[in-house]
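# Results of the structural survey
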Amino acid sequence: MRLIAALFAAALAPGLVAASFAAPVEAAEFRWAATADAATLDPHAQNTATVLGFLNNVYEGLVRRGRDMALESALAERWEALEGGAGWRFHLRKGVTFHDGAAFDAEDVLFSHARAASKQSDVASWFAQVRAVEAPDPYTVDFLTTAPSPIFPDSIANFMIMDKGWAEANGAALPDRETGNFATLNANGTGAFRVTLREPGLQTVLEPFDKWWGTPEHNITRAIHKPIKNPATALASLISGAVDFIEPAPIQDIERLRATDGVQVIEGVEARTIFFGFRQNRERLLDGGANIFKDVRVREAVNHAINVEAIVTVILRGAAQPVSQLIDPASRGYSHARAARPAFDLDKAKALIAEAGASGAAFTLACPNDRYIADAAVCQAVVGMLAQAGLAPRLVTLPAAQYFAALRERQFDMYLLGWSADTFDAEHPIRFLAATPDAEKKLGSWNFGGFSNDRVDALLPLIQTELDEAARQAMLDEVAAILQDEAAYVPLYVQPLLWAARANIALSQRADNFFILRWVTVN
Amino acid sequence: MLAFILRRLAQSALVLLAVGLIAFAMFRFVGDPIDAMLGQERTVEDIARLRAALGLDRSFVEQYLRFLGGALQGEFGVSWRLGRPVGRLLAERAPATLELALVSGVLAVGLGIGLGVYTALRRGGWLAGAIMTGSLIGVSLPTFLIGILLIWVFSVELGWLPSFGRGETVDLGFWTTGFLTVSGLKALILPSITLGLYQMTLIMRLVRAEMLEVLRADYIRFARARGLRERSIHFRHALKNTLAPVITVTGLQIGAIVAFAIITETVFQWPGVGLLFINAVQAVDIPVMAAYLMLIAALFVAINLIVDILYVMIDPRLRADRAGAAR
Amino acid sequence: MRPPRTILGRALDGDLGRSFRRSPPTVLAAAVALALILGAALAPLIAPADPHDPASLNLMNGFTPPMTPNAFTGEAFWLGTDDQGRDMASAILYGLRISLFVGVAAVALAMLIGVTLGLIAGYVGGWVDGVIMRVADIQLTFPAILVAMLIFGVAKGLTPPESRDQMAIWVLILSIGLSDWVQFARTVRASAMVEAQKDYVAAARLIGRSGAAIMLRHVAPNALGPVLVIATISLALAIIAEATLSFLGVGAPPTSPSLGTLIRIGQGYLFSGEWWILFFPALTLLALALAVNLLGDWLRDALNPRLR
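Residues numbered from 1 in each chain as written. Chains lettered and ligands numbered in written order. Predicted model: local features only at pLDDT ≥ 70, side-chain atom pairs only at ≥ 80, totals over all residues.

### Considerations on the overall build of chain B
A count of helical and extended segments in chain B gives 14 helices and two strands. Here chain B, with 327 residues, has 43% of them falling under the buried criterion. Relative to all contacts within chain B whose residues are 6 or more apart in sequence, the contacts with residues 24 or more apart total 69%. (Helix = DSSP H or I, 4+ residues; strand = E, 2+ residues; numbered from the N terminus. Buried ≥ 20, exposed ≤ 12 C-beta atoms within 10 Å, placed from the backbone. Contact = placed C-beta atoms within 7 Å.)

This is how it looks when you write it as structure tokens:
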């Protein structure tokens, strides 16, 4: 019998020992988790919020955004427009070093621009209007544009500077989006933190950069980031104290989180609109049937068939805001004149579809299933709503890693997309989503459905160079009206921003969902 | 004896080659790697360049041989989902799975033997009956359900144990271990119970059945008649003879452990090769699937080989038969 | 006592029947299994709603607790609703339907392949036998569920994304069936080898009957006994395999969920208070698995000559 007891004890001992220890976490160590891991550490290889948001803690640009999204100086102390709208001049900060000790100067800016504007980069569209970059002296850089560009500094808030010497010495002079290179796994920026451990998909460890040029507002000595795909797991680890902060907080657990001791919920609205797009530039649908979405009546009907209020109430627990355009109400250029969404009217939708002869039409509805909050659930609900209106949608969901590539390749008949304008200006979604696709001019690169309207195309360059606010807004209002009347897209809602943290953490939430480590205090 | 070993080695090699062929066929015929790897702005030159780099312009046999050669060196290509070399991915995540398998194995064997002996000796007692009923449930319940239940009770309701990941790990160069930190040890508990429960139930029932048979045997009654103490009878004689088949069965359970590790790692988000594999299946990431397939095949073939050889070496009856037949 | 007159009565009075009646857990298991099978088979008739018809769903019904009227629509549901407004009771019945369908179809496929290959291997012998047994050995080195996952992944890669959801059920049946044929083949092969030596087979060959005819008419029926036992156990394993694969996200899709898929969906809501989305499907799966396991156990013991 004693042997049995011994075997029992031996098997259980580690568990008992471990459980009896309540290891206190170091006061200034910070653990945080997100649903996705940044796919690369290369700031020019992927233009996604996940990558850029994470790298904002490690790399810096000429300008950056503050807590209220206003533009601040970063590696450029000040900047001004050049005579006659020829471009912009940036005066660089002196005495800045990279994590490896190298000095920062205009050469690095020139190198980083060439790298970011290259064919291999994913952020080249930010420099579409730049015709040349010059450095009159080691601490001044001029960006010369093809036409007056009033919001150019806003559009480069996430353009990050790399060290020329480091990149060239390590074979990373250009980004490599296929197999990756040194810059994919290693980072050398000027930011407040440097990467001390990188295990892609598992964990990344950041530590403060002691030679950073700014004044630290945090008390972190070590930050550990891990991806947790499963929302229930993330929730459990926050509640148990295994992590200090999760983003996004699972929307279905908000009530529980609010009621839990030791946990705080930080809520806001992300400047990300979620909408459906249609395949509009082909005669046939994906499976060969006639393209019903070329008919504006069908597109209108879809607008009326989707009950956005129900989606916001049930799936998003009331935390989102229905929206009528591709930009959120708080951004510049939002058309207040066109703030009303098409009403939920199932009968009207059915009538329009019957009129267009599209009753019973089958088509493919595609969505990512891990990119936006409750994306798959929203699409499933929409399938039901469209079925009630007389259509026959077939749902396809894909992980984000495959979704965007598949969308580009196959052009699904109807697709879900979310858009966050990094300039916080209505011109941004027009440039990417409403302009007729033109690879040379770098227009419409996310306009997967191929929506095309001559008037919109004519207005866009005027909007981009118009300096008078009122005139600009009038043009933006006209474009918003065209997009709504043509039912080019189906804007649904502005995505809620939900973070959850332990009660002893003080942090700031930004409307672009970027988590800035240097604003965190662990109490 | 030597002939036997050589024959088994030849068989193993054949199995590995066949599996390699299947893995390679997967590569060739499912999905287009070019599609998966190049982005939207690919040109004709890009396609040709990548084709040559991946060797897709050579003959089937030549590609197969290159594939095998690469596999032997640990080169399995690049993951389509993560964009990193598969060999490195597997090496990074192997320690997590191996540590989990080890702890759950120890748990399963320890508790399995212990409970098996107890229920055999105290046959008819209410506790033994309860354990047997519990074991039936343990065998019938799908692994993932057990895991979810444990998370609910111990992690969310009671808050004693973590429900995801490995906790803090220590990097020893080629190996990362969770054994050296408290959070690492805590994180091991629920997953290893989930993973080990099925094996534990099997071992327990096997030990119990064997022990009951053995206890009825003549030499035990003879030992009692001689006046030996009960405990001596139970442990020195009965248990020893029970253990031989248990060891064999345990060795062959490696397969089940690998399969259940995939499930356990998914439930607990344990960053091992199992989770890597299931993510690869969901995303149709052929390089990872193929590499996993071949590694598992190699593992099983090796273990089966070792078990077969050990069995022949240990069991004197088999050896005598063999010797007798040879004459 | 007069002998019973009905078939059921006579069955219950035989050897098998008596051992069945003597074991209460087995009777209970059979009752539960019967209830579940009936529920699944009659689902279209008895389910309150069709959870697979997207046009019948009302999103505002989502997340309603069991037997509580919904705050917006006032509708009440026995077991509550899930995140899409699907009635849980209907979802479970239809999910059972899928689970059972996939399980039975997969075992049928495995039996078809296994029995055929086993007969051929045992009767024909020679190098054909060698090849079939080699393939069986190679497959046996891997756990069945791993084989099923691999087949599913490959099949998924071969289908275009638009058709994947519809093809999922068939791919599931294919992968589970293909992963399970080996035991059938081995058992039937052993019996076939024994039968092939017997006189009546030699006699049949003499009078000119074809090999296939002999195999089907004479050898097969004699080899089928143990096959039934294996089939029951295989069914239990197939049902659990399907639930596991669906739970892992490589099985039945959320648009036509099986019990495993429902559990996967429910897990996300367990901790936020909507416990019923996980609880009821999990309970059903547990009952089903236990019932089939118990029945299999009893059948194996009852047919085991050593214990009689």
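### Some points on the overall build of chain C
Looking only at helices and strands, chain C features 13 helices and zero strands. Secondary structure elements in chain C, listed N-terminal to C-terminal, are α-α-α-α-α-α-α-α-α-α-α-α-α. Based on the C-alpha atoms only, the size of chain C along its principal axes is roughly 80 × 60 × 30 Å. A total of 308 residues make up chain C; the buried ones form 49% of that total. Long-range contacts, defined as pairs at least 24 residues apart, comprise 67% of the intrachain contacts of chain C with a sequence gap of at least 6.

### Structural notes on the pairing of strand S10 (residues 222–227) of chain A
Residues and elements named next belong to chain A. Relative to S10, strand S1 (residues 29–34) runs parallel, the two sharing six bridges. Following the sheet pairing, Arg31 is matched in S10 by Ile224. Direction of pairing for strand S9 (residues 203–208) relative to S10: antiparallel, over a ladder of three bridges. Each bridged residue has a counterpart across the sheet, and for Val205 the counterpart in S10 is Ile224. (Pairing = 2+ DSSP bridges.)

### Re helix H6 (residues 126–140) of chain B
Across its 15 residues, H6 of chain B extends 21 Å between first and last C-alpha, which sits within 8% of the 21 Å expected from 1.5 Å per residue. All buried positions along H6 of chain B are accounted for by Ile131, Ser135 and Ser140 of chain B. (Expected span 1.5 Å × (residues − 1).)

### Looking at the interface of chain B and chain C
Taken together, the contact pairs 32 residues of chain B with 29 residues of chain C. Mapped by element, the contributors of at least two residues to the side of chain B that touches chain C are helix H1 (2–29), helix H7 (143–157), helix H11 (254–268), helix H12 (273–282) and helix H13 (286–314) of chain B. Here the side of chain B that touches chain C takes eight residues from H13 of chain B, the largest share from any one element. Along the lines of polarity and charge, the residues of the side of chain B that touches chain C split into 26 nonpolar, six polar and no charged. (Nonpolar A, V, L, I, M, F, W, Y, C, P; charged D, E, K, R; others polar.)

### A closer look at unusual backbone geometry
Residue and element names in this part refer to chain A. Of note, the amide linkage connecting Glu247 to Pro248 takes the cis form, showing an omega dihedral of -5°. Even without glycine at this site, Arg317 takes up a positive phi of about 55°. By the secondary structure assignment, Arg317 is in the loop between helix H10 (308–315) and strand S13 (321–322). A residue is classified by how many C-beta atoms lie within 10 Å of it, and Arg317, with 18 of them, is partly exposed.

### Remarks on the pairing of strand S7 (residues 140–145) of chain A
All names here are of chain A. Taking every second residue as pointing to the same face, the buried face of S7 carries Val141, Phe143 and Thr145, while none of Thr140, Asp142 and Leu144 on the other face is buried. Bridge count between strand S5 (residues 87–92) and S7: five bridges; the pairing is antiparallel. Looking at S7, one finds that Phe90 is bridged to Val141. Summarising the sheet, strand S6 (residues 130–137) and S7 pair through five bridges and their orientation is antiparallel. Counted as the bridge partner of Asp137 is Thr140 from S7. Where S6 folds back on S7, the antiparallel hairpin that results is connected by two residues.

### Observations concerning the nonpolar core
Judged by nonpolar contacts, the single largest core of 331 residues is most densely connected at Ile311 of chain A together with Phe277, Met289 and Leu293 of chain B. Broken down by element, the residue count for this core peaks at 20 residues, all from helix H5 (residues 88–124) of chain C. Other than its neighbours up to four places away in sequence, Ile311 of chain A contacts Leu316, Val378, Ala381 and Leu492 of chain A together with Leu59 of chain C. (Core = buried A, V, L, I, M, F, W, Y, C linked by C-beta atoms within 7 Å.)

### Points about the packing of helix H6 (residues 126–140) of chain C against helix H9 (residues 181–196) of chain C
All names here are of chain C. Contact pair H6 / H9: the axes reach a minimum separation of 10 Å and the direction vectors enclose 140°. Put simply, H6 runs oblique to H9. The crossing of H6 and H9 is left-handed. On H9, the residues that touch Ile132, Ala136, Gln139 and Leu140 of H6 are Val182, Ala185 and Arg186. Considering only residue class, the contact of H6 with H9 consists of five nonpolar, one polar and one charged. (Axes fitted to C-alpha atoms, helices over the stretch in contact; angles between N-to-C directions. Parallel < 35°, antiparallel > 145°, perpendicular 65-115°, else oblique. Left-handed = near helix turned anticlockwise from the far one by under 90°.)

### Here we look at helix H15 (residues 454–465) of chain A
Residue and element names in this part refer to chain A. Looking at H15, one finds that the buried residues are Val456, Leu459, Leu460, Ile463 and Gln464. Viewed along the axis of H15, the buried residues span an arc of 130°, placing them on a single side of the element. Exposed and facing more than 90 degrees away from the buried side of H15 are Asp454, Arg455, Ala458 and Leu462. Those residues of H15 hidden inside the fold are in contact with helix H14 (427–434) and helix H16 (469–485). (Arc of directions from axis to C-beta.)

### Overview of the environment of Ser104 of chain B
All names here are of chain B. You can see Ser104 is positioned in helix H5 (residues 86–121). Residue Ser104 is classed as buried on the basis of its C-beta count, with 25 C-beta atoms lying within 10 Å. Distance in space between the C-alpha atoms of Ser104 and Leu190 is 9.7 Å, their sequence separation being 86 residues. Setting aside chain neighbours within four positions, we find Ser104 in contact with Ser192, Leu195 and Gly196.

### Describing the environment of Ala187 of chain B
Residues and elements named next belong to chain B. On the secondary structure map, Ala187 appears in helix H8 (residues 182–216). With 26 C-beta atoms counted inside 10 Å, the residue Ala187 sits in the buried group. Each C-alpha atom, one on Ala187 and one on Ser104, is 13 Å from the other, the two residues being 83 residues apart in sequence. Non-local contacts of Ala187, meaning those with residues more than four positions away in its chain, are made with Pro162, Gly165, Arg166, Gly167 and Gly178.

### A word on the sheet that holds S7 of chain A
Residues and elements named next belong to chain A. The sheet built from four strands is open, its strands ordered S4-S5-S7-S6 with antiparallel pairing. Sheet topology places strand S4 (76–81) and S6 at the edges, where each strand pairs with a single neighbour. Geometrically, the sheet is characterised by an average inter-axis angle of 20° between neighbouring strands, direction not taken into account. Sheet strands touched by helix H3 (residues 106–116): S5, S6 and S7. Its angle to S6, the strand with the most contacts, is close to 170°.

### A closer look at the confidence of the model for chain C
Detailed reading of the predicted coordinates is not advisable wherever pLDDT falls low. Looking at chain C, pLDDT values average 82 and 90% of them are 70 or higher. When the elements of chain C are averaged for pLDDT, helix H1 (residues 7–13) of chain C gives the smallest value, 59, and H5 of chain C the largest, 90. (pLDDT = per-residue confidence, 0-100.)

### A few points about the packing of H5 of chain B against H6 of chain B
Residue and element names in this part refer to chain B. Direction vectors running N to C along H5 and H6 enclose 130°, while the axes themselves pass 9 Å from each other. Judged by the inter-axis angle, H5 sits oblique to H6. In this structure, the crossing between H5 and H6 has a hand that is left-handed. In this structure, H5 contributes Leu115, Tyr118 and Thr119 to the contact, and H6 contributes Ala128, Ile131 and Met132. When the residues that make up the contact of H5 with H6 are grouped by side-chain class, the tally is five nonpolar, one polar and no charged.

### Quick notes on the environment of Phe280 of chain C
All names here are of chain C. Structurally, the position occupied by Phe280 is in helix H13 (residues 276–303). Here Phe280 falls in the buried class, since 22 other C-beta atoms lie within 10 Å of it. Through-space distance from the C-alpha of Phe280 to that of Gly80 is 9.7 Å; in sequence the pair is 200 residues apart. When residues no more than four places from it in sequence are discounted, the contact partners of Phe280 are Leu79, Met88 and Ile92.

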